[in-house]
Amino acid sequence: MPRDEEAIAAPRSLQLVETEPRNGYALALHGGAGGRIHELVSESRTSFEDGLGAAYEAGTTILRAGGTALDAVCAAVEQLENNPLFNAGRGAALTADGRVELDAAVMDGGSGSAGAVAVSRFAKNPIRLARTVMERSRHLLLVDPSEELVRTWELDSATQEYFITDARVKQLARIKTRQAAAPRHGTVGAVARDRAGSVAAATSTGGMADQQEGRVGDSPVIGAGTYARNGLAAISCTGDGEAFIRGVVAYDIAARMRYLGAGLADAVRSTIETELTAKNASGGLVSVDADGRVVVAHNSPTMFAAFEDDGRLILMT
Ligand code: ASP
């Protein structure tokens with residue numbers, strides 16, 4: 001089995017990067033824990049870096065111009081959804097019966113409002129649909145939102161043919177013939193702090209390759225895979241979804257900060273150790289605190305991420 005596909009198997013030692021606080025704006029994004037799928041290994045590392053870089057630029061352009069953290073995380077995630085290399089939107093992982101079912105969530109730390117979709121099949125950009133649920137419905141989470149709703153809200157729709165790529169069809173075939181490890185993750189997400197000091201988080205995913213139809217992971221579950229609260233932090237996760245839900249990972253980090261007075265890096269470290277590593281689960285996250293300090297961490301062997309440290313763009317692939 002190629003090394004990249006072994007990648008998610010068992011948790012490894014924690015890798016954690018913490019940047020200096022930034023008084024202005026800050027952005028961090030991830031392109032999933034778990035590495036490239038075998039079928040994409042031939043894609044050069046530069047393609048992944050270009051994808052992350054373009055998404056980072058989309059978000060940072062908004063923040064630089066004084067835009068909101070909410071707009072920035074949605075713009076960055078939308079770019080990654082449109083890029084077939086990542087497990088979200090086009091090019092997302094396939095369910096056991098070869099279909100695409102997408103999950104996404106967004107949370108605005110200022111207003112405390114959030115929107116999410118699970119088993120989304122018709123919106124070209126699930127993150128837009130999640131945001132529209134937040135802004136135009138009375139609800140927070142919609143499951144299997146209809147094509148009609150996507151049209152009513154005047155969002156771009158797409159068919160299964162659009163979402164399904166050859167690389168994912170081949171990956172599923174290899175999983176079915178046991179040539180690849182069964183559950184694989186990917187997922188994309190972003191967190192930001194804007195100039196006004198507000199934070200936001202957004203996450204979007206196709207879930208785990210070969211997952212049962214109807215399975216919903218942590219990404220659209222507020223507090224598990226996605227969370228933001230002004231004065232504390234914004235967090236977007238990737239990894240073994242069930243473990244992130246059981247450990248309420250994103251909120252556990254915020255709660256450590258809120259009730260124990262922990263700093264972001266310490267909170268992230270403790271949560272990953274107790275809720276993931278100790279439970280033999282792997283994954284990672286990007287996070288930003290109220291001061292614009294970014295913490296990127298994972299106990300999976302790899303994680304794609306982009307963030308700035310000391311004015312330098314770091315692309316982790
Ligand atoms: N956490 C996602 C899920 O369980 C998968 C991933 O991050 O790769 O659906």
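Residues numbered from 1 in each chain as written. Predicted model: local features only at pLDDT ≥ 70, side-chain atom pairs only at ≥ 80, totals over all residues. Heavy atoms only, no water.

On to helix α9 (residues 249-260). In a regular helix each residue adds 1.5 Å, so 12 residues correspond to 16 Å; α9 covers 16 Å between its end C-alpha atoms and thus fits that length. Every buried residue belonging to α9 is among Val249, Ala250, Asp252, Ile253, Ala254, Ala255, Arg256 and Met257, and all of these are buried. Tucked into the core, α9 has its buried residues touching β8 (226-229), β9 (233-239), α8 (241-246), α10 (264-276) and β10 (283-289). Where α9 terminates, the next one or two residues include Gly261, which has phi positive at roughly 75°. (Helix = DSSP H or I, 4+ residues; strand = E, 2+ residues; numbered from the N terminus. Expected span 1.5 Å × (residues − 1). Buried < 20%, exposed > 50% of the residue type's maximum accessible area, 1.4 Å probe, protein only. Contact = heavy atoms within 4.5 Å.)

Unusually for a residue other than glycine, Asn280 sits at a positive phi of about 60°. Position of Asn280 among the secondary structure elements: in the loop between α10 and β10. Despite not being glycine, Asp310 has its phi angle at roughly 55°, a positive value. Examined against the element boundaries, Asp310 turns out to sit in the loop between β12 (303-309) and β13 (312-316).

With that settled, consider the pattern of salt bridges. Within this structure, the stated rule accounts for 16 salt bridges. Across the pair Lys176 and Asp210 runs a salt bridge whose closest N-O atoms are separated by 3.1 Å. One end of the pair, Lys176, is in helix α7 (residues 166-176); the other, Asp210, is in the loop between β7 (199-205) and β8, with 34 residues separating them in the sequence. A residue is classified by how much of its surface remains accessible, and Asp210, at 22% relative accessible area, is partly exposed. Residues Asp291 and Arg293 are paired through a salt bridge, measuring 3.8 Å at the closest nitrogen-oxygen approach. (Salt bridge = Lys/Arg side-chain N within 4 Å of Asp/Glu carboxyl O.)

Relative to the 20 Å expected for 14 residues at 1.5 Å per residue, helix α3 (residues 69-82) spans 20 Å between its end C-alpha atoms, a close match to the ideal helical length. Extensive coverage of α3 is indicated by the burial of 11 of its 14 residues. Here α3 has its buried residues at Ala69, Leu70, Ala72, Val73, Cys74, Ala75, Ala76, Val77, Glu78, Leu80 and Glu81. Here the buried face of α3 lies against β2 (26-33), α2 (45-64), β3 (102-108), α4 (126-136), β6 (188-193) and β7.

Running from N to C, α2 and α3 point in directions that differ by 160°, and their axes come no closer than 8 Å. In terms of orientation, α2 and α3 fall into the roughly antiparallel class. As α2 packs across α3, the resulting crossing turns out to be right-handed. Mapping the contact onto sequence places Gly51, Leu52, Ala54, Ala55, Ala58, Gly59, Ile62 and Leu63 in α2 and Ala69, Asp71, Ala72, Ala75, Ala76, Gln79 and Leu80 in α3. Looking at the contact of α2 with α3, its residues break down into 11 nonpolar, 3 polar and 1 charged. (Axes fitted to C-alpha atoms, helices over the stretch in contact; angles between N-to-C directions. Parallel < 35°, antiparallel > 145°, perpendicular 65-115°, else oblique. Left-handed = near helix turned anticlockwise from the far one by under 90°. Nonpolar A, V, L, I, M, F, W, Y, C, P; charged D, E, K, R; others polar.)

Honestly, it's all geometry; don't read function into it.
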